[in-house]
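# Per-entry structural report
Residue strings, one per chain:
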Amino acid sequence: MGKSVDVNETLKKAEALYNERKFSESVELWKSLENADCAEALYRLGICYNYNLGVDVQDEEKRGLIASGYFIKAGELGHADAQCFVGLCYRCGLGVERDLKKAVEWFEKSAAQNCTQAMNNLGQIYEREETEVELNESDDKYEEYVGDFDDGYDEDDDNGVRRKKYAKSMRLSLGWYLKSAELKDATGQLGVGRAYYDGRGVPCDYKTAVKYYSLAADQGSADALFRLGECYDDGDGVGQNSITAFQYYKEAAKRNHAKAQCYVGYCYEYGEGVKRDLDEALRWYNISAGNNYGQAYCNLGCMYEEGRGVKKNMSKAIEMYERGLEAGNSMSGHNLGNVYAFGKGVKVNVELALKYYEQAARGGVAEAQYNLAQYLHQGRYVEQDDEAAAYWFLQAAQNGDADAQYKIGSFFMDGVGVDEDPEIGFYWFMRSAAQGDADAQYAVGLCYEEGMGVEVDLDEAREWYQRAAKQGHKEAKRHLKK
């Protein structure tokens with residue numbers, strides 16, 4: 001009994017010193033319990049070595065080794081938080097060799113003691129597919145819960161194994177987030193909300209997503225507040241309301257959510273949900289950029305380039321675009337491409353423009369993909385390459401660019417850079433025409449008139465010629481006069 005009292009008293013003293021930020025003294029007290037099988041003392045020593053608090057080991061790798069050792073000892077004694085940290089060590093390779101199987105095992109031990117952080121880590125591991133799942137016959141029932149899954153695999157490849165594994169991972173992820181959410185953990189609630197919003201592991205349900213986002217937001221989750229703003233912006237699960245969307249963005253921004261700060265700037269710039277105020281837009285973009293959010297730099301660059309809310313300054317615009325690109329914003333790369341392609345404040349430098357266009361294209365910017373494809377197709381300043389051009393036109397088309405959809409449609413019709421396939425060509429003409437592209441509308445009319453990629457239908461042909469003619473398309477008008 002006496003020893004137990006001494007342990008408890010020592011723990012109380014150490015905790016008090018720690019709270020007073022007297023870390024080295026608290027470490028000494030916890031070390032005095034090192035041989036007493038005191039899980040809490042071992043765990044706290046792990047924390048101090050992990051975060052370099054009151055210890056005399058400056059080498060980060062060595063501190064990680066010592067910290068993981070303490071966490072493992074405490075975890076083996078059943079300390080739930082220590083078990084979670086052991087899982088983190090194995091997940092990230094801190095002080096131990098990275099081993100996701102062991103990470104999952106330790107997180108599961110911790111989660112069994114209701115540690116929500118462990119549950120959330122398991123949710124993340126399965127959501128990001130960091131560990132491969134094993135399939136059995138009963139897993140076929142999860143196959144519909146794949147959300148926007150698309151990694152280039154045909155669903156019939158390998159009997160759909162890839163798709164089934166993804167579905168099971170998402171289902172397992174949701175299960176762990178739900179366990180955490182049931183214990184009122186904000187990260188778990190947010191994870192459930194995201195799963196319902198994206199339809200991962202469960203059918204897509206915006207209203208349920210909003211419910212869980214709201215629960216997390218009530219606990220101050222900045223990301224949940226931001227996502228609620230998006231829901232009100234788009235009318236997903238709630239009535240569309242730009243004013244309410246702005247209010248949620250503002251609340252998230254106050255909690256230092258960089259993306260929300262950028263959105264607040266955008267709302268002020270364009271008067272969405274709030275009175276237009278370019279000074280406020282500039283202020284919020286700068287706050288977001290201060291958190292190294294790339295799109296904020298890009299938006300600042302646009303304001304300086306166009307002289308909107310500030311004096312026009314191309315040097316400053318280029319600086320913002322460069323910093324945006326460094327922060328991973330691909331649209332900044334596209335804008336830099338335009339700067340050098342058209343000589344905006346600098347000498348024309350097509351070689352540099354192409355470099356930036358390619359960077360942005362690889363980052364998924366449709367406009368850059370289209371521009372790069374045009375250069376490759378026309379052989380301007382680069383070797384002419386229709387196969388490469390077709391690739392980039394197709395990428396831009398898949399990203400919704402109407403001009404690219406028309407172009408790739410033409411390529412498939414004529415067999416330029418791809419195998420000739422009128423049906424696919426017609427498909428892309430229709431996609432572009434539906435967005436109002438006059439050339440594509442004329443092309444759809446021609447396809448219906450001549451039976452290219454579709455059965456002849458003169459009524460449909462006339463309908464599409466009329467749509468193109470209303471936009472002033474001369475060839476469409478000529479066909480209507482036949």
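None of the values given here were measured: they were computed from a predicted structure.

### With respect to the environment of Cys302
Residue placement: Cys302 occurs in helix H15 (residues 294-306). If we ignore the near neighbours within four places in the chain, the residues touching Cys302 are Arg308, Tyr321 and Asn335.

### What about the confidence of the model for the protein chain?
In the predicted model, the protein chain carries a mean pLDDT of 93, and 94% of its residues have values of at least 70. For residues 149-156, every residue scores under 50 in pLDDT, and the model assigns this stretch seven contacts once sequence neighbours within four places are set aside.

### Observations concerning helix H20 (residues 386-398)
For H20, which comprises 13 residues, the first-to-last C-alpha distance of 18 Å matches the rise-based estimate of 18 Å (1.5 Å per residue) to within 8%. Among the residues of H20, Ala389, Ala390, Trp392, Phe393, Ala396 and Ala397 are the ones counted as buried. Among the structural elements, helix H18 (350-362), helix H19 (366-378), helix H21 (402-414) and helix H22 (422-434) are those in contact with the buried residues of H20. Capping the start of H20, Asp385 holds a side-chain oxygen 3.2 Å from the backbone nitrogen of Glu387, two or three residues further along. With its phi angle positive at about 90°, Gly400 sits one or two positions after the end of H20.

### Examining the packing of aromatic side chains
Note on aromatic pairs: each is described by the distance of the centres and the angle between the planes. Under the definition given, this model contains 24 aromatic pairs. Ring centres of Tyr18 and Phe23 lie 5.2 Å apart, and the angle between their planes is 65°; on these two criteria the pair is classed as edge-to-face. Assessed through its relative accessible area of 14%, Phe23 is described here as buried. Ring centres of Tyr196 and Tyr212 lie 6.3 Å apart, and the angle between their planes is 5°; on these two criteria the pair is classed as stacked. Taken together, the residues span a long stretch of sequence, with Tyr196 in helix H9 (residues 186-198) and Tyr212 in helix H10 (residues 206-218) at a distance of 16 residues. Accessibility expressed as a relative area gives 17% for Tyr196, which makes it buried. Judged by relative accessible area, Tyr212 falls into the buried class, the value being 15%. Every member of this aromatic cluster is reached through a ring pair, and the members are Tyr18, Phe23 and Trp30. The side chain of Lys109 reaches across the aromatic face of Trp106, ending 4.1 Å from its centre.

### Points about the pattern of salt bridges
Enumeration over the complete set of coordinates arrives at 20 salt bridges. Across the pair Glu358 and Arg362 runs a salt bridge, and its minimum N-O distance is 2.8 Å. Remark: Arg362 and Glu358 occur in helix H18; sequence separation between them is four residues, near one turn of the helix. The class of Glu358 is partly exposed, set by a relative accessible area of 32%. When salt bridges with common partners are traced through the structure, they connect Glu127, Arg194, Asp198 and Arg200 into a single cluster.

### Details of the nonpolar core
Val192, Val264, Tyr321, Leu336, Tyr340, Phe393 and Ile408 are the most contacted members of the largest nonpolar core, which has 82 residues in total. Sequence-distant contacts of Leu336, that is, excluding residues within four places in its chain, are made with Ile318, Tyr321, Glu322, Leu325 and Tyr356. Phe23, Tyr43, Val86 and Cys115 belong to the second-largest nonpolar core, a separate cluster that totals 44 residues.

### So, the packing of H15 against helix H17 (residues 330-342)
The contact between H15 and H17 brings their axes to 8 Å, and the two run at 30°. In terms of orientation, H15 and H17 fall into the roughly parallel class. Contacts from Gly294, Gln295, Cys298 and Cys302 of H15 reach H17 at Met331, Ser332 and Asn335.

Scoring rules and cut-offs
Residues numbered from 1 in each chain as written. Predicted model: local features only at pLDDT ≥ 70, side-chain atom pairs only at ≥ 80, totals over all residues. Heavy atoms only, no water. Helix = DSSP H or I, 4+ residues; strand = E, 2+ residues; numbered from the N terminus. Contact = heavy atoms within 4.5 Å. pLDDT = per-residue confidence, 0-100. Expected span 1.5 Å × (residues − 1). Buried < 20%, exposed > 50% of the residue type's maximum accessible area, 1.4 Å probe, protein only. Polar contact = N/O pair within 3.5 Å; in protein donor to acceptor, adjacent residues only side chain to side chain. Phe/Tyr/Trp six-rings, centres within 6.5 Å; stacked < 30°, edge-to-face > 60°. Lys NZ or Arg CZ within 6 Å of the ring centre and 35° of its normal. Salt bridge = Lys/Arg side-chain N within 4 Å of Asp/Glu carboxyl O. Core = buried A, V, L, I, M, F, W, Y, C linked by side-chain atoms within 4.5 Å. Axes fitted to C-alpha atoms, helices over the stretch in contact; angles between N-to-C directions. Parallel < 35°, antiparallel > 145°, perpendicular 65-115°, else oblique.

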